[in-house]
Amino acid sequence: MGLLSRTIFREVVSSALLGTMLFTFVLFLQKLGKLFEILVRSSAPLPTVGYLFALVLPPTLTFAVPVGALVGVLVGLNRMSSDGEIIAMRAGGIPGRKTLPPVLAFALLATGVAAAATLWLTPLSIRETYRLLNRLAAEQLTAEIQPRIFEESFPNAVLYVGDVIPGPVVQWRNIFMADMTPPEERQSDAREYGESPRITIAAQAIAVPDLAANRIQLSLTGASSHDVGRNPDDYYITAFPQGEQALDASERDERQARGYTAMDTRPLWKEAAHSYEAAIELHQRLALPLACILLALVGVPLGVSSRKAGKSAAIVVTVSLAFLYYMALISLIGMARQGQLPVELAVWAPNAVLAIAAVILMLRLEKPGERDFLGRVRALPQTFIGVFRKRLPKPQPGLVSTNGRRLGKPLLFPLLVDTYVLGSFMFYFFLLLASFVGMAHVFTFFELLGDIVKNSIPFGRVLTYHLFLTPKLIYDSAPLSVLVAVLVTFGLLSKSNEVTAMKACGVSLYRLSVPILMMSGLLSVALFAFDHYHVPEANRVQDAIRNEIKGRPVQTYLRPDRKWIFGTGPRIYYYKYFEPAERLMVGINVYELDSETFRLKRHIAAERARWEPSLKTWVFQNGWVRDIEGVRVTRHESFQGQPKTFPQLTEEPGYFLKEVKQDKQMNYQELANYIRELRQSGFDTVRLQVQFHKKFSVPLFALIMAVISAPFAFLTGSRGAMAGVGVSFGLAIAYWAVSQLFEQVGNLNQLPPVMAAWAPDAVFLLAGVSLFTRLRT
């Protein structure tokens, strides 16, 4: 390989590595949230944690490597073309086709990496991931217990835990257990029990999983059990300051990969002979690596023919080609699954189109009058901005006082340089945001493809899921898009010496950063409003559709069938049947608890209870009430044949139908109200408080990303935009690590929720301000 070929090869490889890293990181982040939660709740050693994180990489490389190859070819050749090096080659008698051998060598290398990822590493990583997750789940039976949720997955038992303190030894606080075993199966000591469940209440417990017996061994502190006899006059209370109790777990279904995704390629080849699903998976594994060569061949004439497009046009073409390729592949595979196309034609058609396009473009490479395609792409937004700018009123040169003296321009009046810098920043911001969101959509679709086929989900339903998933992806990707856009914008300005020219004209780096900082502040406000008005509702819809795609029961938010409810006060309701239209509960039990000691102080039971709007309380019929203090019943009253009211029970029928949401399905007002309800009941809300404050701190990070990335851009700008992209990896990873660290420490109540949510913002803001003060401007 000659000097020219080595130069081209190095240029393409360096750009491709950064492009692949960028898209891999974006796809990598889509998996880490749930994975980090699993690892924090388990007690996995550090090598296992690192191994599990590494297993996420191969599936992302399958999609990121072809796109990275196209980025490398377009950006590398485009840089050479825009700097006049391609013209110099041709002037020396070297045709543009001489760039093809080093590009093909690079494309073959990328194809080998993609083939290793899709044919070998991805199936292996999927199997290993499920093996490790199943092992961690088996070792941590207690990890699945969520605080403040009635867990009904145990055989004949219901568990409620007010607070879970994770660690090597899991601790629970405020435990409420109901034994739902039928009365005839729990006869003991010649006692005959009624139909009411046996209740066990404890202030604290240490939960230790017993893997051999598939149960959780509880060491209870401050516990008592309460049984109701068949005769309502019989009531049994047993108190024990320290006690042991076993909680049997359900038979565990191991997590398994969907379809043929985890099957090795050689057995998959044999299986493809009589299974169209296996055939689709096999041809996908073969077609995706070859896309590296085809995309690189398409990129050669586009990059060589460009003379002044810049890296932005190369990124536009990369995103457009990658999006069209993957969308065509997805659509054709969907038609093949419906029997409308042969599998081979559906999977290989996008590659065939790329091959034809590459041949046509290569044949026109040396023709006279070849068009600067990327330059025309770059010119489109500039032309639009120019037409729009002509319609704006022209700025006045300055203000004039009454005596004719010139006062100069207002301090915040937008200068021409402001619109120039801001236009470039917004262009890259929206381009990168669309790229990240598009790649995340493609990755998510292929991740769910096996479930979509298995559960026969209509394609329209899948499109609806992606439509409502988009707001969350935009919200998550916007700060990273700001980070990369600032680095690329100022990096290009620095490399082309425009920053030096501006400083020579008296424009400081601080003044140059003002428009981007102001726009980033507006983006932070927009993200907060977006999260408040649109993201929660979209999350509810996409979560429901995802459950449908996964074959899980679709979560219903109005739950008349939810038989265990924690009331507004320290009380728990249990009923056998609830009729919302008649505002009637049948087989009702109410357990009133002491908010400080979490001991049962009153037990109400009745055949039925009806809501009386005029009294604003429930009217109980045919039942009894007992006041309890320790192990003694201090008062027992029976009301047979006559109604009985309890004014303190003010939960209206709508309370038992209220919506059940996760924190991401609520805006900050709804989350604040939910936290207030739980705090009135005396329960710990630390985790929810952390998420409440993150509703404010996360949008603000778009501005903080601009503050910290601008100095980095000026410091690394002489190395170009791709160096800025490389710096963005370190910053993004650092932020993610710091954010997750403080959040988990806050969840453990080792930091105040405010500090846990705002500490990452404070750390990076101080770092950005410190870097700003050190700039030579």
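Look above for the structure.
So, here's what we can say about the structure. In this text, all values refer to a predicted model and were calculated from it rather than measured experimentally.

## Some details on the overall build of the protein
What the protein contains, in helices and strands, is 19 helices and 14 strands. For the protein, restricting intrachain contacts to residue pairs at least 6 apart in sequence, the fraction spanning at least 24 positions comes to 69%. Counting only carbon and sulfur atoms, one obtains 60% of the accessible surface of the protein, whose full area is about 36,200 Å².

## What about the pattern of salt bridges?
When charged atoms on two side chains of opposite charge get close, those side chains can pair. In total, this model carries 16 salt bridges according to the counting rule given. Measuring nitrogen to oxygen at the nearest pair gives 2.7 Å for the salt bridge that ties Glu637 to Arg635. With a relative accessible area of 25%, Glu637 lands in the partly exposed category. Residues Lys694 and Glu743 are paired through a salt bridge, measuring 3.7 Å at the closest nitrogen-oxygen approach. In this pair, Lys694 sits in helix α17 (residues 686–716) while Glu743 sits in helix α18 (residues 721–747), placing the two residues 49 residues apart along the sequence.

## Thoughts on the packing of aromatic side chains
We describe a pair of aromatic rings using the distance from one ring centre to the other and the angle between the two ring planes. Scanning the entire structure with this criterion turns up 18 aromatic pairs. Ring geometry for Phe425 against Phe429: centres 6.2 Å apart, planes inclined by 25°, an arrangement best described as stacked. Taken as a pair, Phe425 and Phe429 lie in helix α11 (residues 416–454) at a separation of four residues, close to a single helical turn. According to the relative accessible area criterion, Phe425 is buried, its value standing at 0%. On the numbers, 5.2 Å between centres and 65° between planes, the contact of Tyr668 with Phe696 is edge-to-face.

## Digging into the pairing of strand β3 (residues 198–210)
Sheet faces and side chains relate simply in a regular strand, where the side chains alternate between the two faces. Of the strand pairs in this sheet, strand β2 (residues 170–179) and β3 are connected by nine bridges, and their pairing is antiparallel. Looking at the pairing, Phe176 lines up with Ile201 of β3. In the sheet, β3 pairs with strand β4 (residues 215–228) via 11 bridges, with the strands oriented antiparallel. Bridge pairing links Val208 to Gln217 in β4.

## Describing unusual backbone geometry
Within the chain, Asn156 stands out as a residue other than glycine whose phi angle is a positive 55°. Assignment of secondary structure puts Asn156 in the loop between α5 (100–139) and β1 (157–165). Judged by relative accessible area, Asn156 falls into the partly exposed class, the value being 43%. Positioned with a positive phi, Lys616 is a non-glycine residue whose angle comes to about 55°.

## Examining the sheet that holds β2
Here five strands make up an open sheet; going across it, the order is β1-β2-β3-β4-β5 and the pairing antiparallel. The sheet terminates laterally at β1 and β5 (235–248), the two strands that pair on one side only. With strand direction ignored, the average angle separating the axes of adjacent strands in the sheet is 25°. Of the pairings in the sheet, the one linking β4 to β5 comprises 13 bridges and is antiparallel in character. Bridge pairing in β5 links Leu218 to Gln245.

## A look at the environment of Tyr420
Mapping Tyr420 onto the fold places it in helix α11. Residues contacting Tyr420, with those up to four places away along its chain left out, are Leu493, Glu498 and Met502.

## What about the nonpolar core?
With 125 residues, the main nonpolar core has Phe63, Phe425, Phe446, Val482, Phe490 and Leu512 as its most contacted residues. For this core, the element with the highest residue contribution is α11, accounting for 19 residues. Sequence-distant contacts of Phe425, defined by excluding residues within four places in its chain, comprise Val482, Ala485, Val486, Thr489, Ile516, Met519, Ser520 and Leu523. Core analysis: the next-biggest nonpolar cluster, separate from the first, contains 21 residues, Ile237, Phe566, Phe598 and Ile628 among them.

## Focus: the packing of helix α12 (residues 459–495) against helix α15 (residues 535–550)
Viewed as axis vectors pointing N to C, α12 and α15 meet at an angle of 135°, and their least axial separation amounts to 8 Å. If you check the angle between α12 and α15, you find them oblique. Handedness of the α12/α15 crossing: left-handed. Between α12, through Arg461, Thr464, Tyr465, Phe468, Leu469, Pro471, Lys472 and Tyr475, and α15, the contact on the second element is made entirely by Val535, Ala538, Asn539, Val541, Gln542, Ile545, Arg546, Glu548 and Ile549. The class makeup of the residues in the contact of α12 with α15 is 10 nonpolar, three polar and four charged.

## Here we look at the environment of Lys695
Relative to the elements of secondary structure, Lys695 occurs in helix α17. By relative accessible area, Lys695 is classed as buried at 7%. Sequence-wise, Lys695 and Leu671 are 24 residues apart; in three dimensions their C-alpha atoms are separated by 9.6 Å. Every residue in contact with Lys695, bar those within four places of it in the chain, is listed here: Tyr475, Phe528, Asp531, Asp663, Lys664, Met666, Asn667, Tyr668 and Leu671.

## Focus on the side chain of Thr617
Counting through the fold element by element, Thr617 comes out in strand β13 (residues 617–629). A residue is classified by how much of its surface remains accessible, and Thr617, at 5% relative accessible area, is buried. Those residues in contact with Thr617 that sit more than four places away from it in its chain are Arg610, Trp611, Glu612, Thr645, Phe646, Pro647 and Leu649.

## Some remarks on empty space enclosed by the protein
Scanning the entire structure with this criterion turns up two cavities of 30 Å³ or more. Volume-wise, the second largest cavity comes out at about 40 Å³. Taken together, Ser224, His226, Ala239, Arg599, Leu600, Gly630 and Val631 form the lining of the second largest cavity. A per-class count over the lining of the second largest cavity returns three nonpolar, three polar and one charged.

## Considering a nonpolar patch on the surface
Taken together, the side chains of Val169, Ile206 and Val208 present a nonpolar region at the surface, about 220 Å² in accessible area. Its place among the elements puts Ile206 in strand β3. With relative accessibility at 37%, the residue Ile206 sits in the partly exposed group.

## Details of helix α3 (residues 57–82)
The largest bend in α3 is about 35°, located at Phe63, with the proline Pro66 one to four residues further on. Counting buried positions over the 26 residues of α3 gives 23, a clear majority of the element. Positive phi shows up at Gly84, right after α3, with a value of about 85°.

## Looking at helix α14 (residues 509–533)
With 25 residues, α14 extends 36 Å between its outermost C-alpha atoms, agreeing within 8% with the 36 Å of an ideal straight helix rising 1.5 Å per residue. At Pro515, α14 shows its strongest bend, of approximately 30°.

## Here we look at the pairing of strand β14 (residues 632–645)
Examined bridge by bridge, β13 and β14 share 10 bridges and lie antiparallel to one another. By the bridge assignment for β14, Arg626 is matched with His636. In sequence, β13 turns back onto β14 through a hairpin of two residues, with Gly630 there showing a positive phi of about 70°.

## Observations regarding the environment of Phe28
With respect to the helices, strands and loops of the structure, Phe28 is situated in helix α1 (residues 3–41). Judged by relative accessible area, which is 14%, Phe28 ranks as buried. Residues contacting Phe28, with those up to four places away along its chain left out, are Phe53, Val56, Leu57 and Thr60.

Parameters and conventions
- Position labels on residues start from 1 in each chain and follow its written sequence.
- Totals for whole chains, interfaces and linings use every residue, but because this is a predicted model, local features are given only for residues with pLDDT of at least 70 and side-chain atom pairs only at 80 or more, for both listing and counting.
- The side-chain quantities take in all heavy atoms of the structure and omit both hydrogens and water.
- Numbered from the N terminus, helices here are DSSP runs of H or I no shorter than four residues, and strands are runs of E no shorter than two.
- It only takes one pair of heavy atoms within 4.5 Å for two residues to be counted as in contact.
- In this description, accessible areas are obtained by the Shrake-Rupley approach with a 1.4 Å probe, and a residue is regarded as covered only by the protein chains that are shown.
- Salt-bridge detection follows one rule: a side-chain nitrogen of Lys or Arg within 4 Å of a carboxyl oxygen of Asp or Glu.
- Partly exposed describes any residue whose relative accessible area lies between the buried limit of under 20% and the exposed limit of over 50%, with all areas from a 1.4 Å probe on protein chains only and scaled to the type maximum.
- In this scheme Phe, Tyr and Trp rings, the latter by its six-membered ring, pair at centre separations within 6.5 Å, and the angle between planes marks the pair as stacked below 30 degrees, edge-to-face above 60, and tilted otherwise.
- Here, strands pair whenever DSSP counts at least two bridges between them.
- Every axis in this analysis is a line fitted to C-alpha atoms, fitted for helices over the stretch in contact. Angles between the N-to-C directions lie between 0 and 180 degrees.
- The definition of a nonpolar core used throughout is a set of buried Ala, Val, Leu, Ile, Met, Phe, Trp, Tyr and Cys residues joined through side-chain atoms within 4.5 Å.
- Small angles under 35 degrees read as roughly parallel and large ones over 145 as roughly antiparallel, with 65 to 115 read as roughly perpendicular and the rest as oblique.
- Crossings are sorted by hand: turned counterclockwise from the far helix by less than a right angle, the near helix makes the crossing left-handed, and turned clockwise it makes it right-handed.
- In this classification, Asp, Glu, Lys and Arg are treated as charged, Ala, Val, Leu, Ile, Met, Phe, Trp, Tyr, Cys and Pro as nonpolar, and every other residue, Gly included, as polar.
- Residues are said to line a cavity or pocket when one of their atoms sits within 4 Å of a point; the points come from a 1 Å grid over protein atoms alone, cavities being sets where a 1.4 Å probe fits but cannot get out and pockets being open sets with protein on both sides within 12 Å along at least five of seven lines.
- Grid points are joined across faces, edges and corners, and a volume is the space filled by probe spheres set on the points.
- Two distance rules govern patches: like charges are joined within 9 Å, and nonpolar side chains (Val, Leu, Ile, Met, Phe, Trp, Tyr) within 5 Å, applied only to residues with over 30% relative accessible area and no salt bridge.
- The seven residues ending at a residue and the seven starting there each receive a fitted axis; the angle between those axes is the bend at that residue.
- A helix's residues, less one, multiplied by 1.5 Å, set its expected span.

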